[in-house]
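The primary structure of each chain is shown beneath.
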Number of protein chains: 2
Amino acid sequence: MIEHGGNVYKFARILNREPSKLIDFSANINPLGFPQGLKEYLLSSINHIAFYPDPEYIELKDAIAKYIGLRRENILPSNGAIEAIYLCMKAIKRDRLLIPIPTFSEYERIAKINNLTVEYFFTGTSSINIEELIRRVYPKSMLILCNPNNPTGSLIDIDSIKYLLNKLLELEVFLIIDEAFIEFTENYPESSAVRFVNLYPNLFIIRCFTKFFGIPGLRLGYGIGREEIINKIKKFALPWSVNTIADLAGRYVLNNSSFIEETRRIIKLEREFLFRELSKISWIFPYPSKANFILAKISVDPAKLENFLLQRGILIRNCYNFTGLDRSYIRVAVKDHKSNIKLIEALSSFQ
Amino acid sequence: MIEHGGNVYKFARILNREPSKLIDFSANINPLGFPQGLKEYLLSSINHIAFYPDPEYIELKDAIAKYIGLRRENILPSNGAIEAIYLCMKAIKRDRLLIPIPTFSEYERIAKINNLTVEYFFTGTSSINIEELIRRVYPKSMLILCNPNNPTGSLIDIDSIKYLLNKLLELEVFLIIDEAFIEFTENYPESSAVRFVNLYPNLFIIRCFTKFFGIPGLRLGYGIGREEIINKIKKFALPWSVNTIADLAGRYVLNNSSFIEETRRIIKLEREFLFRELSKISWIFPYPSKANFILAKISVDPAKLENFLLQRGILIRNCYNFTGLDRSYIRVAVKDHKSNIKLIEALSSFQ
């Protein structure tokens, strides 16, 4: 199994501490946590665990459809974003997948489980050159983009996405866009490719509740596509993969517009703060980010740094298992002001 | 999507009633519901939704291992029993799958998603002839057994399982046994094939929390096999497919021995009661069952009967979509005494 951020259990076991006592910068979760009221709502609905989820997830689909401005038929609820990616690769049968790297490591693993030949397009820490990408992609293959990209935080603008989609249509290339972090971008919803869903038969968008709505424990994501695409992918889905509590939570949180606005306000402020403060530390070189995390190159011993922070109850993400990066890169989540200050203080006192 | 029992949402929508107001004999869930204390435990742990599940599910595996008397390395937690079946078929690559029918309809669907050629062994409503089964199975293929079988309620005894396993080993046939209902059998744990797990490299057992522990909403199951088999199958698993609430619930319920004993006591009593009372109705012909449901042939119009019961808020399962059965078969769950009496009264007043 690939190691991901957010494995507080492992480090809590190592340190013999409560997982909740760690400050976790390794997972890119909303620092506000989950929306107020969700807890009470789930508490009052807990008896629903005695019933199967609605196999059609009609109310959940309707809530998502309203949230993104499309129809029920465009939505495929899934067990985290990962299940939607897996099912899309399985249903849309292509031989090859092109992955711009560095990016989320599961794409490669999911592709290999689906017997796709994986090819890389190395972009490093700079943003993607679209023309170069188009030259590199094989006709009739598949391309996956993480937008904004994890771990670099770079964002492909919406005009470039449209240009790319037209070129890919000519090349009969199927495009998956993972928008797991799109709601954290400053110009959301303008930054999202959702508007293209019904115009392009070669587009599938992935979203999740995990990051923005702060519920990684519930495993809730969804795919967005034209009705024909959704129906094609659904044929490969196992029944009831989203459980009742996730279903209920999903329906609840999307209505909370003040949580959504407050999150975006704080992330913008704190991203700027964290970037500025990280830049002041002589051995850290952060890259500008449009998302809720910051990638940085470090010129100190990564193992020593990680251990130093761990002793202070702080987890960060080392990027050694992002293909295309190595141990000299770290990724930190943008958290609340108090936590961000603790991180900066700890980093400043290193060495 | 195949229609299953337990879709109370659909009928609640049709009848414009609360799902919880229906008496659901269509899903084979423990009539005691879930163990006492679970609700309070989940309420006190609800903040865990803000964390990713432990990707290794170590505490859950340990709880299951203790419950069935094996080791952590023998356990693969899964999103319902269905995910474990899917992953096993995907990882243990065989060309053909033999399915004794009638049985749970998802086996066929999951096999087809995995490109297996499906063959049927028709047993009808009688129990499986093991010698005949061995003659029918192709060498180096795969066989799946539901034990006790859904919807017939018949159970293959443990000596026959052992005999079969030895023969299948010679034939290099891989055997999946779905024990979703095994804990409802009178002679559990003697009835379970778990004791053979470490002796046979061609055996994978499926269990779930759904039925016996009354938590279909949480989607929690597990596979049991030799360590090498578990490791082989794990390679195809998507991370975090069991969510935090399901993980917590699983760890909690297995400790409740009084719930387990009380369930078995009630099921035995009520199965006998229901069978006796169904036998008294002239147009119903129930088959003896070792599980928590009863299959019956009816000699009245199935659509009229279903509609008649639905008007009284009672759901039963028509068996038309079990390959090998048709509309003239129904399946009813063994529920609590009060509900069982309501069913018998309603059935007795039909026509």
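Residues numbered from 1 in each chain as written. Chains lettered and ligands numbered in written order. Predicted model: local features only at pLDDT ≥ 70, side-chain atom pairs only at ≥ 80, totals over all residues. Heavy atoms only, no water.

**Focus: the overall build of chain A**
Where we set the bar: Think of it this way: any DSSP run of H or I at least four residues long counts as a helix, any run of E at least two long counts as a strand, and we number them from the N terminus. Throughout, exposure labels follow a simple rule: accessible area from a 1.4 Å probe, protein chains only, divided by the maximum for the residue type, with under 20% read as buried, over 50% as exposed, and the rest as partly exposed. For this analysis, residues touch if any pair of their heavy atoms sits within 4.5 Å. All accessible areas in this document rest on Shrake-Rupley with a 1.4 Å probe, and a residue is counted as covered only by the protein chains that are shown. The charge count includes Lys and Arg as positive and Asp and Glu as negative, but it does not include His or the ends of the chains. Charge placement uses NZ in Lys and CZ in Arg. For Asp and Glu, CG and CD serve respectively.
Along the backbone of chain A there are twelve helices and 13 strands. Once the C-alpha set of chain A is aligned to its principal axes, its extents read approximately 55 × 55 × 35 Å. The buried share of chain A, reckoned over its 351 residues, is 65%. Expressed as a percentage of contacts within chain A between residues at least 6 apart in sequence, the contacts between residues at least 24 apart total 72%. Counting only carbon and sulfur atoms, one obtains 50% of the accessible surface of chain A, whose full area is about 13400 Å². Looking at chain A, you have 45 positive and 38 negative side-chain charges, and the mean spots of the two groups are 3 Å apart.

**Quick look at the pattern of salt bridges**
Once the charged atoms of two side chains with opposite charge are near each other, the side chains can pair. Residues and elements named next belong to chain A. For the record, the criterion: Here, a salt bridge means any side-chain nitrogen of Lys or Arg that lies within 4 Å of a carboxyl oxygen of Asp or Glu.
The tally for this structure, following the rule as stated, stands at 34 salt bridges over all chains. The residue Arg 265 makes a salt bridge to Glu 262 at a minimum N-O spacing of 3.0 Å. Of this pair, Arg 265 and Glu 262 are both found in helix H10 (residues 257-280), three residues apart, which corresponds to roughly one turn of the helix. A cluster of three or more residues bridged by salt bridges with shared partners is formed by Glu 56, Lys 61 and Lys 234.

**Describing the sheet that holds strand S12 (residues 317-318) of chain B**
Residue and element names in this part refer to chain B. Heads up, the rule is: Should DSSP find at least two bridges between two strands, the strands are regarded as paired.
Ordered in space as S9-S10-S13-S12, the four strands form an open sheet in which the pairing is antiparallel. Where the open sheet ends on each side, the last strands, each with one partner, are strand S9 (284-286) and S12. In this structure, S12 lies alongside strand S13 (residues 329-333), joined through two bridges in antiparallel fashion. Looking at S13, one finds that Arg 317 is bridged to Arg 331.

**Overview of the sheet that holds strand S10 (residues 293-298) of chain A**
Residues and elements named next belong to chain A. With respect to topology, four strands assemble into an open sheet ordered S9-S10-S13-S12, the strand pairing being antiparallel. Lying at the two open borders of the sheet, with one neighbouring strand each, are strand S9 (284-286) and strand S12 (317-318). Relative to strand S13 (residues 329-333), S10 is paired through five bridges, and the arrangement is antiparallel. Bridge pairing in S13 links Lys 297 to Tyr 329.

**Remarks on the relation of the copies chain B and chain A**
Superposing the two chain copies requires a rotation about an axis and a translation along that axis. Formally: Our superposition of the copies is a least-squares fit, built on the C-alpha atoms of residues whose pLDDT is at least 70 in both.
Mapping chain B onto chain A leaves a residual RMSD of 0.0 Å; the transformation is a rotation of 180 degrees accompanied by 0.0 Å of translation along its axis. The transformation just described matches what one would write down for a two-fold rotation axis. No C-alpha of chain B lies nearer the rotation axis than that of Leu 43 of chain B, which sits 3.0 Å from it. In this assembly the copies share their binding face: 100% of the residues contributing to the interface of chain B also contribute to that of chain A.

**Comments concerning the pairing of strand S3 (residues 96-101) of chain B**
All names here are of chain B. Just so we agree on the cut-off: Throughout, right-handed denotes a crossover for which the path from the first strand over the helix to the second runs clockwise when the strands point away from the viewer.
The element S3 is extensively covered by neighbouring structure, given that five of its six residues are classed as buried. For the handedness criterion, the β-α-β arrangement of S3, helix H5 (residues 106-113) and strand S4 (residues 117-122) is classed as right-handed. Note that S3 and strand S5 (residues 142-146) share two bridges and pair parallel. Following the sheet pairing, Leu 98 is matched in S5 by Leu 143.

**Overview of the packing of aromatic side chains**
Residues and elements named next belong to chain A. Put simply, the rule is: Planes of paired rings set the category: under 30 degrees apart is stacked, over 60 is edge-to-face and the rest tilted, where pairs are Phe, Tyr or Trp rings (Trp by its six-membered ring) whose centres lie within 6.5 Å.
Enumeration over the complete set of coordinates arrives at 31 aromatic pairs over all chains. On the numbers, 4.6 Å between centres and 40 degrees between planes, the contact of Tyr 52 with Trp 240 is tilted. Within this pair, whereas Tyr 52 is found in the loop between helix H2 (38-44) and helix H3 (58-68), its partner Trp 240 is found in the loop between helix H8 (227-234) and helix H9 (244-253), the two being separated by 188 residues in sequence. You can call Tyr 52 buried: its relative accessible area is 7%. For Trp 240, a relative accessible area of 6% corresponds to the buried category.

**Description of the interface of chain B and chain A**
In plain terms, the rule: Two parts lose some accessible area (1.4 Å probe) when they are put together, and adding that loss for both gives the buried area. Between N or O atoms, a polar contact is any pair within 3.5 Å; within protein, one atom must be a potential hydrogen donor and the other a potential acceptor, and residues adjacent in sequence are included only when both atoms are from side chains.
Residue-level contacts link 58 residues of chain B with 58 residues of chain A. Buried surface at the junction of chain B and chain A, summed over both partners, amounts to about 5100 Å²; 66% is from carbon and sulfur atoms. Counting across the interface, chain B meets chain A through zero salt bridges. One can count 22 residue pairs in polar contact (both at pLDDT 80 or more) joining chain B with chain A.

**Remarks on the packing of helix H4 (residues 80-91) of chain A against helix H5 (residues 106-113) of chain A**
All names here are of chain A. Applicable threshold: Here the axes come from fitting lines to C-alpha atoms, over the contacting stretch only for helices, and the angles between their N-to-C directions go from 0 to 180 degrees. Angles below 35 degrees are treated as roughly parallel, those above 145 as roughly antiparallel, those between 65 and 115 as roughly perpendicular, and all remaining angles as oblique. Left-handed describes a crossing whose near helix is turned anticlockwise from the far helix by less than a right angle; the clockwise case is right-handed. Residue polarity follows a fixed list, in which Ala, Val, Leu, Ile, Met, Phe, Trp, Tyr, Cys and Pro are nonpolar, Asp, Glu, Lys and Arg are charged, and the others, Gly among them, are polar.
Where H4 contacts H5, the two axes come as close as 9 Å, and the packing angle between them is 40 degrees. Considering their axes alone, H4 and H5 lie oblique with respect to each other. Pair H4 / H5 crosses with right-handed handedness. Packed against H4, whose contacting residues are Ile 82, Ile 85, Tyr 86 and Met 89, the element H5 presents Glu 106, Tyr 107, Ile 110, Ala 111 and Ile 113 at the interface. Its residues placed into classes, the contact of H4 with H5 shows eight nonpolar, no polar and one charged.

**Focus: the side chain of Thr 244 of chain A**
Here Thr 244 of chain A shows up in helix H9. When its relative accessible area of 3% is taken as the criterion, Thr 244 of chain A is described as buried. Excluding anything up to four places from it in sequence, Thr 244 of chain A contacts His 48, Ile 49, Phe 51, Tyr 52 and Pro 53 of chain A together with Gly 217 of chain B.

**Focus: the state of the cysteines**
All names here are of chain B. Counted only if it meets this: Only a pair of cysteine sulfur atoms within 2.5 Å qualifies as a disulfide here.
Overall, the coordinates contain zero disulfides over all chains when judged by the stated rule. Free cysteine Cys 146: the closest other cysteine sulfur is in Cys 208, separated by 9.6 Å. The thiol sulfur of Cys 319 is not disulfide-bonded, and the nearest other cysteine sulfur, from Cys 146, lies at 13 Å.

**Some remarks on helix H4 (residues 80-91) of chain B**
The condition that has to hold: Expected helix span is taken as 1.5 Å per residue step, with the number of steps being one fewer than the number of residues.
Relative to the 16 Å expected for twelve residues at 1.5 Å per residue, H4 of chain B spans 18 Å between its end C-alpha atoms, a close match to the ideal helical length. Of all twelve residues in H4 of chain B, twelve are buried, a share of seventy percent or more.

**So, the environment of Asn 340 of chain B**
All names here are of chain B. Summarising the element assignment, Asn 340 is placed in helix H12 (residues 337-348). Judged by relative accessible area, which is 0%, Asn 340 ranks as buried. For the pair Asn 340 and Leu 274, spaced 66 residues apart in sequence, the C-alpha to C-alpha distance is 6.7 Å. The residues touching Asn 340, leaving out its near neighbours within four places in the chain, are Phe 25, Glu 270, Phe 273, Leu 274, Ala 333, Val 334 and Lys 335.

**Thoughts on the confidence of the model for chain A**
Caution applies to low-pLDDT parts of the model: their predicted coordinates are not meant to be read in detail. Our working definition: A score between 0 and 100, pLDDT records how confident the predictor is in each residue.
Mean pLDDT over chain A stands at 95; residues scoring 70 or higher make up 98%. As scored by the predictor, the complex reaches a pTM of 0.94 and an ipTM of 0.93.

**Things to note about the environment of Pro 302 of chain A**
All names here are of chain A. If you trace the backbone, Pro 302 turns up in helix H11 (residues 302-311). Pro 302 sits 16 residues away from Asn 318 along the chain, and the two C-alpha atoms are 7.7 Å apart. Setting aside residues no more than four positions away along its own chain, Pro 302 makes contact with Asn 318, Arg 327 and Ser 328.

**Here we look at the packing of H10 of chain A against helix H12 (residues 337-348) of chain A**
Residue and element names in this part refer to chain A. For the pair H10 and H12, interaxial distance at closest approach is 11 Å and the crossing angle is 10 degrees. Taken together, the axes of H10 and H12 are roughly parallel relative to one another. Packed against H10, whose contacting residues are Glu 270, Phe 273, Leu 274, Glu 277 and Leu 278, the element H12 presents His 337, Asn 340, Ile 341, Leu 343, Ile 344 and Leu 347 at the interface. When its residues are assigned to classes, the contact of H10 with H12 shows seven nonpolar, two polar and two charged.

**Looking at helix H8 (residues 227-234) of chain B**
All names here are of chain B. Here is the rule: Arc, as used here, means the arc of the directions from the helix axis to the C-beta atoms.
For H8, the full list of buried residues reads Ile 229, Ile 230 and Ile 233. What you see down the axis of H8 is that its buried residues fit within an arc of 100 degrees, all on one side. As for H8, its buried residues are in contact with strand S2 (75-78), H4, strand S6 (174-178), strand S7 (203-208) and strand S8 (221-224).

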